[in-house]
Amino acid sequence: MKEKNPWHTPVTIIITVIGVIAIVALVTVAVLQNRPLAQKYKYGIVLDAGSSHTALYIYEWPAEKDNNTGRVEQTHSCKVKGPGISSYASAPSRAGESLRDCMQEAKLRVPGKRHLETPLYLGATAGMRLLNIENSSASDVVFHAVEEALQKSPFSFQGARILSGQEEGAFGWVTVNYLDDRLKQGLETTGALDLGGASTQISFVSDNFDGSESPENAVAFRLYGNDYNLYTHSFLCYGKDQALRMVLAQQTQSGPGTILDPCFHPGYNETKNYSVLYDSPCVSDRKPQGAPATFTHLGKGNFSQCLDVVKSIFNFTYCRYSQCSFNGVFQPLLQGPFGAFSAYYFVMNFLNLTDTSIPLDTVRKKLTSYCSTPWDQIKQQHPDVKVKYLAEYCFSGTYILTLLTEGYNFTSESYPNIKFIKKIKGSDAGWTLGYMLNLTNMIPAEAPDSPPLPHAGYVSIVTVIAILLFVLFILSLRPLWPRCSKQPQII
Ligand SMILES: Nc1ccn([C@@H]2O[C@H](COP(=O)(O)OP(=O)(O)OP(=O)(O)O)[C@@H](O)[C@H]2O)c(=O)n1
């Protein structure tokens, strides 16, 4: 006789089938309903109109997360050929034309259907600040030409303007800390050191700075629910190109026909124009009277003498505050790690000095040896480097060391807190990303609400609960279960 399986009754089979179908349906609905949608992206474009050149940056972020958790990333950058827009004061239309190739690249990089909604910003920095001081109508004409060119682009042009030094410093700090995820997590922030061609910025948070001693250096932010009292200062004329002009002005005060410059390599020999050298508000008031049209610029290659002439463009003694950096500018005690970018990186990377664990004395020794290397040898060793950059690295290295140690007061102990950086997670360090995040309100003042569970966690919990309910349901039907007697039934 065959033994009857007590589960093989029509009722339990029907309940089981319905239960399994119900679970499958429940889980399918949960998965489909919460499936991440195919990713769509939004874009933003920022043109950095610097003193030495203009660069275009394209940023991208997931479309559905643009004001909370989405990460904004740089997807492309384009270096505009030619000099910065401030150099086109005498031929403004060429300033607009110069942007054409990079704008063309942007059109190809941003998907066509997103063109109309993609904001396009142009921010000009110290080159235009100087032109504006020197000749404000010339700077207006350059802006007009650039605006006209950008209005013709298919993007949503939001205007061109000169950033204040304070904005340039603060947005550079926002960029570095945003990319490092320090803002969202409320971690200790990283200070920002930016060295351009015409200005330089230092920005950091210090416990002993609340803005009261020097309100013009304070920027208050509330980001992701945290308050920051940022110290920031921009030194106009202390970018590395204008600093070099000041160093040369220092050496040509008497209008000589020849100078023997310790900051250039021995054997360096170039004829330079007095009117070109003094054509900047940083030095124009010092132009020597009765100087010849040109002077011969000879290199001497002596680091310690270069250090002396570089120091002479700073005032390290005057200070009407409790403490200063230089030129009577207040600066609180340095605090935390620092990221040094733009020309800081270009120069220190070229000189193989980005490793800040190298003692400062060794850095000085390396510069001593580098500066004294004959110019011919330098050119031979670096045939691919632009001669203009190459000629200036001895000066630039000396200037950076002086600015950091004597200017901002970095010591042997705090120098290793500096990291020379170009990019963070694929995006260039600089003010442009911070500027765009601010203008598109992409960093909320308060911490965004995040879903309590990630998608996978949600699906797992729904599945477990569904199975549990099914088991409970089966158990609740116990009265309907066929009884099994102790003795096997003989049919
Ligand atoms: N490989 C390179 C590239 C650039 N530079 C120098 O770096 C500076 C440019 O830095 P950047 O941040 O691009 O300055 P700008 O934006 O042009 O200047 P600013 O912000 O002051 O307007 C210039 O002095 C340029 O000569 C360099 O030494 N080596």
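Going along each chain's sequence as written, the residues are numbered from 1 onward. This being a predicted model, a pLDDT of at least 70 is required before a residue's local features are given, and a value of 80 or more before pairs of side-chain atoms are given or counted; all residues contribute to the totals for chains, interfaces and linings.

- The chain appears in an unreviewed UniProt entry as Ectonucleoside triphosphate diphosphohydrolase 1 from Seriola lalandi dorsalis.
- Listed in UniProt under the heading Subunit (unreviewed entry), the comment for the chain reads: "Homodimer; disulfide-linked."
- Under the Sequence similarities (unreviewed entry) heading, UniProt states for the chain: "Belongs to the GDA1/CD39 NTPase family." UniProt positions are given in the numbering used here, feature names are shortened, and annotations may be inferred rather than shown by experiment.

Considering unusual backbone geometry
Leaving glycine out, the prevailing phi sign among residues is negative, and the prevailing peptide bond configuration is trans.
(1) Moving on: Phi at Asn352 is positive, roughly 60°, even though this residue is not glycine.
(2) Moving on: Segments assigned H or I by DSSP are reported as helices when at least four residues long, segments assigned E as strands when at least two residues long, and all are numbered from the N terminus. Tracing the sequence through the fold places Asn352 in the loop between helix 10 (343–350) and helix 11 (360–371).
(3) Moving on: To sort residues by burial, count the other C-beta atoms lying within 10 Å of each one's C-beta; a count of 20 or more means buried, 12 or fewer means exposed, and anything in between means partly exposed. C-beta atoms are built from the backbone. For Asn352, a count of 10 C-beta atoms within 10 Å gives the class exposed.
(4) Moving on: Positive phi is not limited to glycine here, since Lys425 has a value of about 45°.
(5) Moving on: By secondary structure assignment, the location of Lys425 is in the loop between strand 15 (423–424) and strand 16 (427–428).
(6) Moving on: Residue class for Lys425 comes out exposed when judged on the 10 C-beta atoms lying within 10 Å of it.

A word on the site of the ligand
(1) Moving on: Surveying the vicinity of the ligand reveals 20 residues, the closest of which are Gly50, Ser51, Ser52, Gly196 and Ser342.
(2) Moving on: Among the secondary structure elements, those contributing two or more residues to the shell around the ligand are helix 4 (126–134), helix 7 (240–251) and helix 10.
(3) Moving on: Here the shell around the ligand gets 3 residues from one element, more than from any other, and that element is helix 10.
(4) Moving on: The classification used treats Ala, Val, Leu, Ile, Met, Phe, Trp, Tyr, Cys and Pro as nonpolar, Asp, Glu, Lys and Arg as charged, and all other residues, Gly among them, as polar. Looking at side-chain class alone, the shell around the ligand contains 6 nonpolar, 12 polar and 2 charged residues.
(5) Moving on: Residue assignment places the shell around the ligand across two domains, with domain 2 (41–162) and domain 3 (240–420) each supplying three or more. We count a residue as near a molecule or strand when its backbone-placed C-beta atom lies within 6 Å of that partner. Each domain span listed reflects an automatic or database assignment of domains.

Examining helix 13 (residues 387–407)
(1) Moving on: Its 21 residues place the ends of helix 13 28 Å apart at the C-alpha level, agreeing with the 30 Å of an ideal helix rising 1.5 Å per residue.
(2) Moving on: One fitted axis covers the seven residues ending at a residue, a second covers the seven starting there, and the bend at that residue is the angle between these axes. Residue Tyr393 marks the point of greatest curvature in helix 13, where the axis turns by about 50°.
(3) Moving on: Asn409 sits one or two positions beyond helix 13 and adopts a positive phi of about 70°. A helix is expected to span 1.5 Å multiplied by its residue count minus one.

Side note on the UniProt feature "binding site: ATP" (unreviewed entry) in the chain
(1) Moving on: In the UniProt entry, the feature "binding site: ATP" (unreviewed entry) is given for Gly197, Ala198, Ser199, Thr200 and Gln201.
(2) Moving on: Inspection of the secondary structure assignment puts Thr200 in strand 7 (residues 199–205).
(3) Moving on: Residue class for Thr200 comes out buried when judged on the 31 C-beta atoms lying within 10 Å of it.
(4) Moving on: When residues no more than four places from it in sequence are discounted, the contact partners of Thr200 are Asp194, Leu195, Phe235, Tyr238, Gly239 and Leu403. Contacts are defined on C-beta atoms placed from the backbone: any two residues whose C-beta positions lie within 7 Å are in contact.

Things to note about the sheet that holds strand 10 (residues 258–261)
(1) Moving on: The strand order across the open sheet formed by 3 strands is 10-12-11, and the pairing between neighbours is mixed. Here the strands that pair on one side only, and so sit at the sheet edges, are strand 10 and strand 11 (269–273). Direction aside, the axes of adjacent strands within the sheet are offset by 30° on average.
(2) Moving on: Two strands pair if DSSP finds at least two bridges between them. For strand 11 and strand 12 (residues 294–299), the ladder comprises 5 bridges, and the chain directions are antiparallel. Residue Thr271 lies in a different strand from strand 12, and its bridge partner there is Thr296. All axes here are fitted lines through C-alpha atoms, helices being fitted over the stretch that makes contact, and every angle between N-to-C directions spans 0 to 180 degrees.

Describing the sheet that holds strand 7
(1) Moving on: Spatially, 6 strands are ordered 8-9-7-6-13-14 in an open sheet, and the strand pairing comes out mixed. Of all strands in the sheet, those with a lone pairing partner are strand 8 (218–223) and strand 14 (418–420), marking the two edges. The sheet shows a mean angle of 20° between the axes of neighbouring strands, taken without regard to direction.
(2) Moving on: The pairing of strand 6 (residues 191–195) with strand 7 spans 4 bridges and is antiparallel. The residue bridging Leu195 from the neighbouring strand is Thr200, located in strand 7.

Focus on the nonpolar core
(1) Moving on: Joined through C-beta atoms within 7 Å, a set of buried Ala, Val, Leu, Ile, Met, Phe, Trp, Tyr and Cys residues constitutes a nonpolar core. Within the largest apolar cluster, 113 residues are counted, with the highest numbers of intra-cluster contacts made by Val146, Ala340, Tyr344 and Ile400.
(2) Moving on: If you tally residues by element for this core, the top one is helix 13, at 9 residues.
(3) Moving on: Among residues more than four places away in sequence, those in contact with Tyr344 are Leu193, Leu195, Ile400 and Phe420.

Digging into the pairing of strand 13 (residues 338–342)
Moving residue by residue along a regular strand, the side chains alternate between the two faces of the sheet.
(1) Moving on: Burial analysis of strand 13 places 5 of its 5 residues in the buried class, the great majority of the element.
(2) Moving on: Pairing of strand 13 with strand 14 involves 3 bridges; the strand directions are parallel. Pairing of Gly339 across the sheet is with Lys419, part of strand 14.

Remarks on helix 14 (residues 431–439)
Every α-helix carries 3.6 residues per turn, so stepping three or four residues along brings you back to the same face.
(1) Moving on: In terms of burial, helix 14 is largely enclosed, as 7 of its 9 residues are buried.
(2) Moving on: For helix 14, the complete set of buried residues consists of Trp431, Thr432, Leu433, Gly434, Tyr435, Met436 and Leu437.
(3) Moving on: Among the structural elements, strand 1 (41–49), strand 2 (54–62), strand 3 (73–79), strand 4 (119–124), helix 6 (165–179) and strand 16 are those in contact with the buried residues of helix 14.
(4) Moving on: Asn441 sits one or two positions beyond helix 14 and adopts a positive phi of about 50°.

Observations regarding the environment of Leu244
(1) Moving on: Its place among the elements puts Leu244 in helix 7.
(2) Moving on: Placed 46 residues apart in sequence, Leu244 and Ala198 show a C-alpha to C-alpha distance of 9.9 Å.
(3) Moving on: Among all residues touching Leu244, those that are not within four sequence positions of it are Glu392 and Phe395.

Regarding the UniProt feature "active site" (unreviewed entry) in the chain
(1) Moving on: Per the UniProt entry, the sites bearing "active site" (unreviewed entry) are Glu168 in this numbering.
(2) Moving on: Excluding its chain neighbours within four sequence positions, the residues that come into contact with Glu168 are Thr125, Leu163, Gln201, Ser234 and Trp431.

Notes on the packing of helix 11 against helix 13
(1) Moving on: Interhelical geometry of helix 11 versus helix 13 gives an angle of 155° and a closest axis separation of 10 Å. Regarding the angle of helix 11 to helix 13, the classification is roughly antiparallel. Regarding helix 11 and helix 13, the two cross each other, and that crossing is left-handed. Along its contact with helix 11, which presents Leu360, Val363, Leu367, Tyr370 and Cys371, the element helix 13 presents Cys394, Gly397, Thr398, Leu401 and Thr405.
(2) Moving on: Taken together, the residues of the contact of helix 11 with helix 13 break down into 7 nonpolar, 3 polar and no charged. For classification, angles of less than 35 degrees are called roughly parallel, those exceeding 145 degrees roughly antiparallel, those between 65 and 115 degrees roughly perpendicular, and all remaining angles oblique. Left-handed is the label given to a crossing in which the near helix is rotated counterclockwise from the far helix by less than a right angle, and right-handed is the label when the rotation is clockwise.

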